[in-house]
Amino acid sequence: MTENSPNTRAGFVALIGEPNAGKSTLLNRMVGAKVSIVTHKVQTTRARIRGVALEGDAQIVFVDTPGLFRPRRRLDRAMVAAAWSGASDADVVVLLIEAHRGITPGVEAILESIGDRVGQAPVALAINKIDRVEAPVLLKLAEEMNEKFAFTETFMISAEKGHGVDHLKKWLSGVLPEGPWLYPEDQIADLPMRMIAAEMTREKLTLRLHQELPYQLTVETESWEERDDGSVKIDQIIYVIRDGHKGILLGKKGETIKVVGQLARVEISEFLGRKVHLFLQVKVRPNWLDEKERYSEMGLDFSDGN
């Protein structure tokens, strides 16, 4: 089937859940490419990242939302608002929970709000990381979740290993509304490349650094220069909120930033399929968490943080 077939389907699928439930991993597996930041640290997805997948005659546009959690500061509030907004705009919603953690207070809070937030859209339950528990535990969890909310369908999956993911994808392709495709056939994400490149660098920083620091920095692509030899020169700025953070980021003799730059360059280069010249600069901006411009760069609404 192609995008011009008469029986095509297309629509938006919002992946929601607590931080670290596996939403980004599932999105990347469905799309077949890395479009969302995946780390072992929670709250890494900040904006609603869209990945586009094809299944038969259907084009599924996945919206990977920030994790739903109890917000404490402006950035947190803007992220949670973006997550619920992504769910309310979607044609189908998939709630991801972790098999081994079960019904946590965070999941309870999502279940309390979900009915009012998603309107008439079908809501599927995807129990992720099924390899971590025994079958009886899984079945009991599925039963308890369905008693709390009337899910349209329940899936048992492992986003990391791929178990059950094709089944979920096939079901989604069948419930999306009929209509023309929303994106060109070869497009896998609707984020600007500048933002995807910044996210890839931020992921490498998140993996290298510890504790709070990753949540107090942001990466912006300042310039993107296409070169005659087909390569691209990318300049990025990493904003931190205090001088001490700058020292940690640079590392001894600049080692940390050098390693991060190398890892990010390789990944961006693989994603683009061409040579990349990446230059990173660290700047101290004590109030970036309260600057409207920074939120726009992340694809978040500044006013949602009030």
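Residues numbered from 1 in each chain as written. Predicted model: local features only at pLDDT ≥ 70, side-chain atom pairs only at ≥ 80, totals over all residues. Heavy atoms only, no water.

Some remarks on the overall build of the protein
Next, step 1: Looking only at helices and strands, the protein has 9 helices and 9 strands in total.
Next, step 2: Entry remark: accessible area of the protein is about 14200 Å², with carbon and sulfur atoms responsible for 47%. (Helix = DSSP H or I, 4+ residues; strand = E, 2+ residues; numbered from the N terminus. Areas by Shrake-Rupley, 256 points an atom, 1.4 Å probe, with all protein chains shown as cover.)

Some points on the pattern of salt bridges
Next, step 1: Applying the stated criterion across every chain, the model contains 13 salt bridges.
Next, step 2: The partner of Glu-199 in a salt bridge is Arg-202, with the nearest N and O atoms 3.1 Å apart. Residue Glu-199 and its partner Arg-202 are both found in helix α6 (residues 193–208); the two are separated by 3 residues, about one turn of the helix.
Next, step 3: Relative accessible area serves as the criterion here: at 15%, Glu-199 is assigned to the buried category.
Next, step 4: One salt bridge in this structure joins Glu-203 and Lys-204, with 3.2 Å as the shortest N-O distance.
Next, step 5: The class for Glu-203 is buried, based on a relative accessible area of 2%.
Next, step 6: A residue is classified by how much of its surface remains accessible, and Lys-204, at 9% relative accessible area, is buried.
Next, step 7: One salt-bridge network, in which partners are shared between bridges, spans Glu-18, Glu-98, Arg-101 and Lys-129. (Salt bridge = Lys/Arg side-chain N within 4 Å of Asp/Glu carboxyl O. Buried < 20%, exposed > 50% of the residue type's maximum accessible area, 1.4 Å probe, protein only.)

Some words on the packing of α6 against helix α8 (residues 255–272)
Next, step 1: Running from N to C, α6 and α8 cross one another at 140 degrees; their axes reach a closest spacing of 9 Å. What the angle tells us is that α6 and α8 run oblique. Here α6 runs over α8; the crossing is right-handed. Here α6 contributes Met-193, Ile-196, Ala-197, Met-200, Thr-201, Glu-203, Lys-204, Leu-205 and Arg-208 to the contact with α8, which in turn contributes Val-259, Val-260, Leu-263, Ala-264, Glu-267, Ile-268, Phe-271 and Leu-272.
Next, step 2: For the contact of α6 with α8, the class distribution of residues is 12 nonpolar, 1 polar and 4 charged. (Axes fitted to C-alpha atoms, helices over the stretch in contact; angles between N-to-C directions. Parallel < 35°, antiparallel > 145°, perpendicular 65-115°, else oblique. Left-handed = near helix turned anticlockwise from the far one by under 90°. Contact = heavy atoms within 4.5 Å. Nonpolar A, V, L, I, M, F, W, Y, C, P; charged D, E, K, R; others polar.)

Some details on the environment of Gly-179
Next, step 1: Structurally, Gly-179 can be placed in the loop between α5 (165–175) and α6.
Next, step 2: In the structure, Gly-179 is positioned 170 residues away from Arg-9 in sequence and 5.0 Å away in space, judged by C-alpha atoms.
Next, step 3: Those residues in contact with Gly-179 that sit more than four places away from it in its chain are Thr-8, Arg-9 and Ala-10.

With respect to the sheet that holds strand β8 (residues 232–240)
Next, step 1: What the 3 strands build is an open sheet, ordered β7-β8-β9; its pairing is mixed. Two strands bound the open sheet, and with one partner strand each, they are β7 (217–226) and β9 (276–284). Between one strand axis and the next, the sheet turns by 20 degrees as a mean value, whatever way the strands run.
Next, step 2: Packed onto the sheet, helix α7 (residues 243–250) meets β8 and β9 and runs at close to 150 degrees relative to β9.
Next, step 3: Here α8 sits on the sheet and contacts β7, β8 and β9; the angle it forms with β9, its principal contact strand, is near 135 degrees. (Pairing = 2+ DSSP bridges.)

Describing the confidence of the model for the protein
Detailed reading of the predicted coordinates is not advisable wherever pLDDT is low.
Next, step 1: Mean pLDDT over the protein stands at 81; residues scoring 70 or higher make up 75%.
Next, step 2: Of all helices and strands in the protein, the one with the weakest mean pLDDT is helix α2 (residues 74–88) (60), whereas strand β6 (residues 153–156) scores best (97).
Next, step 3: Every residue in residues 38–45 is under pLDDT 50, and counting partners more than four places away or in other chains gives 37 contacts. (pLDDT = per-residue confidence, 0-100.)

A look at the packing of aromatic side chains
Next, step 1: Under the counting rule described, the total for this entry stands at 2 aromatic pairs.
Next, step 2: Centroid distance Phe-149 to Phe-151: 5.0 Å. Interplanar angle 65 degrees. Geometry classified as edge-to-face. With respect to class, Phe-149 is no different from Phe-151; both count as buried.
Next, step 3: Seen from their ring centres, Phe-155 and Trp-171 are 5.4 Å apart, and the 55 degrees between their planes marks the pair as tilted. Here Trp-171 lies in helix α5 and Phe-155 lies in strand β6, a separation of 16 residues in the sequence.
Next, step 4: The buried category is assigned to Phe-155, whose relative accessible area is 2%. (Phe/Tyr/Trp six-rings, centres within 6.5 Å; stacked < 30°, edge-to-face > 60°.)

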